[in-house]
Amino acid sequence: MAMSKRRRAIMFRRAQYALLIVIVALIAVFADWEDIRRSFFNVDTAAKMFPTVIQTALVNTIIYSAFGFAIGLGLGLLLALMKLSPVAPWRWIATAYIEFFRGVPALLVFVALSVAVPLAFGLKFDINSTAGLALGIVGSAYIAETIRAGILAVPKGQIEAARSLGMSPGRTLVTVTIPQAFRIILPPLTNELIMLIKDSSLISVVGLTAADYELTKFGRETLSRSPSLTPLLVAGLCYLIITLPLGHLSRHLEKRTGGRKIGTPESTGLGVSA
Amino acid sequence: MKSSDVVTDVAVEITGLKKSFGPLEVLKGIDVSVARGEVVCIIGPSGSGKSTLLRCVNLLEEPTDGKIVVNGVELTDPDCDIDAARTRIGMVFQGFNLFSHLSVLNNLTVAQRKVLKRGEKQAQEIALRNLERVGLSEKVNAMPAQLSGGQQQRVAIARALSMDPSVMLFDEPTSALDPELVGDVLGVMRALADEGMTMLVVTHEMQFAREVADRVLFMDGGYVVEEGPAAQVIGDPQHERTKSFLARVLDPTHQGPSA
C-alpha cells in the first residue's frame, strides 16, 4: 500500500521531468516566436554589428582588460609582499590600500581617473591608460589578497629546503615561493581576470569615441539606433567568447595541479629519459 | 674506526647550545663535537630536542644561547654569512622537501646555478653524477610527485650532495617512508658514510645506528644523556633513561619500567 522510500524518490524524480516537459510544451505552443525573434535576435541588426563588434569592440575589451590585469598583477604582487613584510608601516599601507579599493565601487575609480585626477593634477591619460589604471588599481586590491594567501599556502618545508641550500630570503622568494604560490592560486586568479574583463565595461562612463568602444558601450550605441535586445545579446555572446574558455582553462589547470600527486594516470609513463 | 685518524680535524663544534620556543626550553645546554669524517647518530624519544639540535646546526632554528662552529666558521656570530655557510652544510628532511614545481634535474641544479653561480653545463654534470650515486639516473626528467617517497628522499640527498657539502645533516630521513622503501635510503646513506662524509643523523633506525654510526648520542629532555660508540650506547646502555627508551624501541610490546 504505502510506497517504499526508494520508490517514492523515483516517482518524485519522474514527476519533476514530467513538469519540465509540460512547461516546455506550453512555451512552445503559446509563445509568439516571431515577436521573440524580432526583439531578441534580429538577424539584420546582428549582421550590421559585424565586423566592428569583433574588430573594435572585442579587441578593445581585450586590450583594456590586458592592461588592467598586467597592472593589477604587478601592483597586487607588490601589495601582497608589503602585507607580508616584517616592516609594520609597509603592512599598514598595503592594508589601507586594499581595504579602501575593495570597499569603493569600481565605477567611482573610473570617474576619478577620467575626470577628477585630470582636473586636480592636470594629468591627462589616454583611454588605454585610464582603463588599465582603473582596472589595475581596483583589481590589485583583490589580487593582492589572493597572492598573499598563495604565498602563505606554500609549504614551509619548501622554504626551509631553499634556505638550507644557501639561498637568500630574496632568492628563495623568487625561485621557490612565488612560482609555487602562482601554481596554487591559478584558479582564483583566473576568476579575478574574468571579473576584471566584465568590469572593463565601466570605461564607458568616460566619453569614448567610436574607435574606443568596448563591447558594452558598442552594444548600447547599437541599441539606441535599433531598439531590440539583439545588440546586447551579441555583445554578451562576445564576452562569453573570452570568459568561457578562461573558465575552462581554470578548471583544467586546477585539475592538473591537483593531479600532480603520486599515482595519477598522467604521472605514469612521463618524463623518463636520460 | 675512521674517526680516530682525523680526530684533530673538527667539523662541527657545538658549545653551550640552548634553544627556547617561547617559555618552552627545548635544548638546555648541549655540547657536541663532531670530527671530520665521523658519523654521529642522535637517538631519543620524540620531544627530546634531537631535531631541534640538528636544525640549529645550519641555523634553521636560531639558537637562544651558545656557539655553533661548522668548518671553522662560527654560525652564531652575527656577522657570519649564513647563506654562504649553508652551501657547505647539506640538509635532508623527514618530508623530503623537493621543490615540487621543478623537475628532478632542476631540483639538483637550481641552487648550484643561483647560489654557487655554476654554469648550466657544469651544474648538470654534477647533478647527473650525484643522481647516479643514489641510483636514480633514469628519473632525471621526472617531477617529484611522480616518484615514490624513497625515490624522493634519494633525490633530496643527491640535491644536497650537488652543493659539495662537507657536512650532511639528516633529520629522520626514513620516518615518513613506507617500510619497504627505507632500505634504499639507508643504503645510500651507508655508502655516503663509507666514502668518509661527515654525517649527523637523527634517526629511529637502531640497526642503522649500530652498524654505521661511529658514535651515538642519546637525548632526552633537552640534554645529551648518554653518548659513546654505537655498540656501547645501543648494546650496553648505562643510563636508566637510555635503557627504558631502547627497551621500548627495540621491543615495542615490552612494557618499560617507567610505564
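Residues numbered from 1 in each chain as written. Chains lettered and ligands numbered in written order. Predicted model: local features only at pLDDT ≥ 70, side-chain atom pairs only at ≥ 80, totals over all residues. Heavy atoms only, no water.

### Some details on the overall build of chain B
Keep this limit in mind: Strands here mean DSSP runs of E at least two residues long; helices mean DSSP runs of H or I at least four residues long; both are numbered from the N terminus. Restricting the calculation to C-alpha atoms gives the radius of gyration, and the globule rule supplies 2.2 Å times the number of residues raised to the power 0.38. Relative accessibility decides the category of a residue: with a 1.4 Å probe and only protein chains considered, values under 20% of the type maximum give buried, values over 50% give exposed, and everything between is partly exposed. Contacts are assigned to residue pairs with any non-hydrogen atoms lying within 4.5 Å of each other. All accessible-area figures derive from a Shrake-Rupley calculation using a 1.4 Å probe, and residue coverage is judged against the displayed protein chains alone. Neither His nor the chain termini are counted; the positive set is Lys and Arg, and the negative set is Asp and Glu. Where a charge lies is defined by one atom per residue type, namely NZ (Lys), CZ (Arg), CG (Asp) and CD (Glu).
Secondary structure assignment for chain B yields 9 helices and 10 strands. Against the 2.2 N^0.38 benchmark of 18 Å for 259 residues, chain B shows a C-alpha radius of gyration of 18 Å, consistent with a compact globule. Split into buried and exposed, the 259 residues of chain B put 56% on the buried side. Once local pairs closer than 6 in sequence are excluded, the contacts in chain B between residues at least 24 apart make up 65%. Surface exposure of chain B reaches about 10,500 Å², of which carbon and sulfur atoms provide 48%. With 26 positive and 35 negative side-chain charges, chain B shows a spacing of 4 Å between the two charge centroids.

### Thoughts on the nonpolar core
For the record, the criterion: As used in this record, nonpolar core signifies buried Ala, Val, Leu, Ile, Met, Phe, Trp, Tyr and Cys residues forming a set joined through side-chain atoms within 4.5 Å.
Membership of the largest hydrophobic core comes to 50 residues, with the highest contact counts inside it found for Val 53, Tyr 97, Phe 101, Val 109, Ile 203 and Leu 215 of chain A. At the level of secondary structure, the elements contributing two or more residues to this core comprise helix H3 (43–49), helix H4 (52–83), helix H5 (88–103), helix H6 (106–121), helix H7 (127–153), helix H9 (169–199), helix H10 (215–225) and helix H11 (230–258) of chain A. The biggest single contributor to this core is H7 of chain A, with 11 residues. In contact with Phe 101 of chain A, not counting residues within four places along its chain, are Val 109, Ile 137, Val 138 and Ala 141 of chain A. In terms of nonpolar packing, the next biggest core, distinct from the first, is built from 48 residues, Ala 160, Leu 161, Leu 186 and Ile 234 of chain B among them.

### Quick notes on the interface of chain A and chain B
This is how it is decided: In this description, buried area is defined as the sum, over both parts, of the accessible area (probe of 1.4 Å) that is lost when the two are combined. Whenever Lys or Arg places a side-chain nitrogen within 4 Å of a carboxyl oxygen from Asp or Glu, that contact is recorded as a salt bridge.
If you look at the interface, chain A gives 29 residues, while chain B gives 31 residues. Taking both sides of the interface into account, the surface hidden between chain A and chain B amounts to around 2,400 Å²; carbon and sulfur atoms contribute 55%. For the pair chain A and chain B, the interface holds 2 salt bridges. In this structure, Asp 83 of chain B engages Arg 163 of chain A in a salt bridge whose closest nitrogen and oxygen atoms are separated by 3.2 Å.

### Digging into helix H6 (residues 179–194) of chain B
Residues and elements named next belong to chain B. For clarity, the cut-off: Here a helix's expected span is defined as the number of its residues, less one, multiplied by 1.5 Å. Note: the arc covers the axis-to-C-beta directions of the helix.
For H6, which comprises 16 residues, the first-to-last C-alpha distance of 23 Å matches the rise-based estimate of 22 Å (1.5 Å per residue) to within 8%. By the burial criterion, the buried members of H6 are Leu 181, Val 182, Val 185, Leu 186, Val 188, Met 189, Leu 192 and Ala 193. Along H6, the residues classed as buried sweep out an arc of 155° about the axis, all on the same side. Facing away from the buried side of H6 by over 90 degrees, the exposed positions are Glu 180 and Asp 194. On its buried face, H6 sits against strand E3 (39–43), helix H4 (120–133), helix H5 (149–161), strand E7 (167–171), strand E8 (198–202) and helix H7 (206–212).

### So, H5 of chain B
With 13 residues, H5 of chain B extends 18 Å between its outermost C-alpha atoms, agreeing within 8% with the 18 Å of an ideal straight helix rising 1.5 Å per residue. Counting buried residues in H5 of chain B gives 13 out of 13 residues, a clear majority hidden from the surface.

### Considering the packing of aromatic side chains
What counts is decided by this rule: Ring pairs are drawn from Phe, Tyr and Trp, using the six-membered ring of Trp, whenever the two centres fall within 6.5 Å, and their geometry is named by plane angle: stacked under 30 degrees, edge-to-face over 60, tilted for the rest. The rule for a charge over a ring is simple: NZ of Lys or CZ of Arg within 6 Å of the ring centre, and within 35 degrees of the ring normal.
Scanning the entire structure with this criterion turns up 3 aromatic pairs over all chains. Judged by centre distance (4.7 Å) and plane angle (50°), the ring pair of Tyr 97 of chain A and Phe 101 of chain A falls under tilted. Of the two residues, Tyr 97 of chain A and Phe 101 of chain A are both situated in helix H5; the distance of 4 residues between them amounts to about one turn of the helix. Judged by its relative accessible area of 19%, Tyr 97 of chain A falls in the buried class. Take Phe 101 of chain A: its relative accessible area is 16%, and that puts it in the buried class. With a centroid separation of 5.3 Å and an interplanar angle of 40°, the aromatic rings of Phe 218 of chain B and Phe 245 of chain B are classed as tilted. Pair noted here: Phe 218 of chain B is in strand E9 (residues 215–220) and Phe 245 of chain B is in helix H9 (residues 240–250), with a separation of 27 residues, a long-range link. Of the two residues, Phe 218 of chain B and Phe 245 of chain B, neither departs from the other in class, the shared state being buried. Through a chain of ring-to-ring contacts, three or more aromatic side chains come together here, namely Tyr 97, Phe 100 and Phe 101 of chain A. The residue whose ring lies beneath Lys 19 of chain B is Phe 21 of chain B, and the NZ or CZ to ring-centre distance is 4.8 Å. Cation over ring: Arg 159 of chain B sits above Phe 99 of chain B, and NZ or CZ is 4.6 Å from the ring centre.

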